[in-house]
Amino acid sequence: MNNIVNLLSQLPSSDYDRSAIFSMFFAGCMSDDLAVRSMMKHRLYAIEDTFGNIYDLIGQMEQLWRTRMVLVSQHGPAALVPWRECLYRSWENRTVLLL
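J.: How would you summarise the packing of helix H4 (residues 54-75) against helix H5 (residues 83-91) if you had to cite specific residues and measurements?
T.: Two numbers describe how H4 lies on H5: the axes approach to 11 Å, and their chain directions differ by 135°. One way to sum up the angle between H4 and H5 is to call them oblique. Like other packed secondary-structure pairs, H4 and H5 cross with a definite hand, here right-handed. Touching Asp56, Leu57, Gln60 and Leu64 of H4 are Trp83, Cys86, Leu87, Ser90 and Trp91, all from H5. Residues belonging to the contact of H4 with H5 are distributed by class as follows: six nonpolar, two polar and one charged.

Here it is in structure tokens:
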């Protein structure tokens, strides 16, 4: 994750960010660093949302952050967030295209 963050921080936002949506989403989800979370969120917002799921993806990332905060408060910093289950529950009846 640190490699993704370091490389993206060296590059300006561009049309090519669409090719890294999945990587940015997971880097944002897996980080406890508020600066990294903010950077990933802003990079995702900068992507033209022609398919309509960027805002849903950002909402899911924010939900995973809230889930992580609860789990860390209950179990400590090594708590694992069940991101697959969270995504499945949120999107089980929808088609999601991550481009």
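J.: Tell me about the confidence of the model for the protein, residues and numbers included.
T.: For the protein, mean pLDDT is 82; residues scoring 70 or higher make up 88% of the total. Per-element mean pLDDT across the protein ranges from 77 in H5 up to 91 in helix H3 (residues 34-46).

J.: Can you break down the packing of aromatic side chains residue by residue, with the values?
T.: Applying the stated rule across the entire model yields three aromatic pairs. Note on Phe22 and Phe26: the rings are 4.6 Å apart at their centroids and 80° apart in plane angle, and the pair reads as edge-to-face. Of this pair, Phe22 and Phe26 both sit in helix H2 (residues 21-30), four residues apart, which is roughly one turn of the helix. The class for Phe26 is buried, based on a relative accessible area of 15%. Between Phe25 and Phe26, the aromatic rings sit 5.1 Å apart at their centres with planes inclined by 75°, giving edge-to-face as the arrangement. The same class applies to Phe25 as to Phe26, namely buried. Following the ring pairs from residue to residue traces out a cluster consisting of Phe22, Phe25 and Phe26.

J.: Before we move on, could you go through the nonpolar core and cite the residues and values that matter?
T.: Ranked by internal contacts, the top residues of the largest apolar core, which has 22 residues, are Met24, Phe25, Met40 and Leu44. Those elements that provide at least two residues to this core are helix H1 (2-10), H2, H3, H4 and H5. Leu44 has contacts with Ile21, Met24, Phe25, Ile54, Leu57, Ile58 and Met61, leaving out every residue within four places of it along the chain.

Calculation notes
- Residue indices begin from 1 for each chain and proceed along its sequence in written order.
- pLDDT decides what is reported in this predicted model: residues at 70 or higher carry local features, side-chain atom pairs at 80 or more are listed and counted, and totals for whole chains, interfaces and linings draw on all residues regardless.
- Note that water and hydrogens are dropped before the side-chain values are worked out from all heavy atoms of the structure.
- Lines fitted to C-alpha atoms define the axes here, with helix axes fitted over just the stretch in contact, and angles between the N-to-C directions of these axes take values from 0 to 180 degrees.
- The numbering of helices and of strands both runs from the N terminus, where a helix is a DSSP run of H or I of at least 4 residues and a strand a run of E of at least 2.
- Roughly parallel refers to an angle under 35 degrees, roughly antiparallel to one over 145, roughly perpendicular to one between 65 and 115, and oblique to any angle outside these ranges.
- What makes a crossing left-handed is the near helix being turned counterclockwise from the far one by less than a right angle; a clockwise turn instead makes it right-handed.
- For this analysis, residues touch if any pair of their heavy atoms sits within 4.5 Å.
- Each residue gets one label: Ala, Val, Leu, Ile, Met, Phe, Trp, Tyr, Cys and Pro are nonpolar, Asp, Glu, Lys and Arg are charged, and the others, such as Gly, are polar.
- pLDDT is a per-residue confidence score from the predictor, ranging from 0 to 100.
- Two rings from Phe, Tyr or Trp (for Trp, the six-membered ring) form a pair when their centres sit within 6.5 Å of each other. Planes less than 30 degrees apart are called stacked, planes more than 60 degrees apart edge-to-face, and all others tilted.
- Only protein chains enter the accessibility calculation, which uses a 1.4 Å probe; a residue whose area is less than 20% of its type maximum is buried, one above 50% is exposed, and one in between is partly exposed.
- By convention a nonpolar core is built from buried Ala, Val, Leu, Ile, Met, Phe, Trp, Tyr and Cys residues, the set being connected through side-chain atoms within 4.5 Å.

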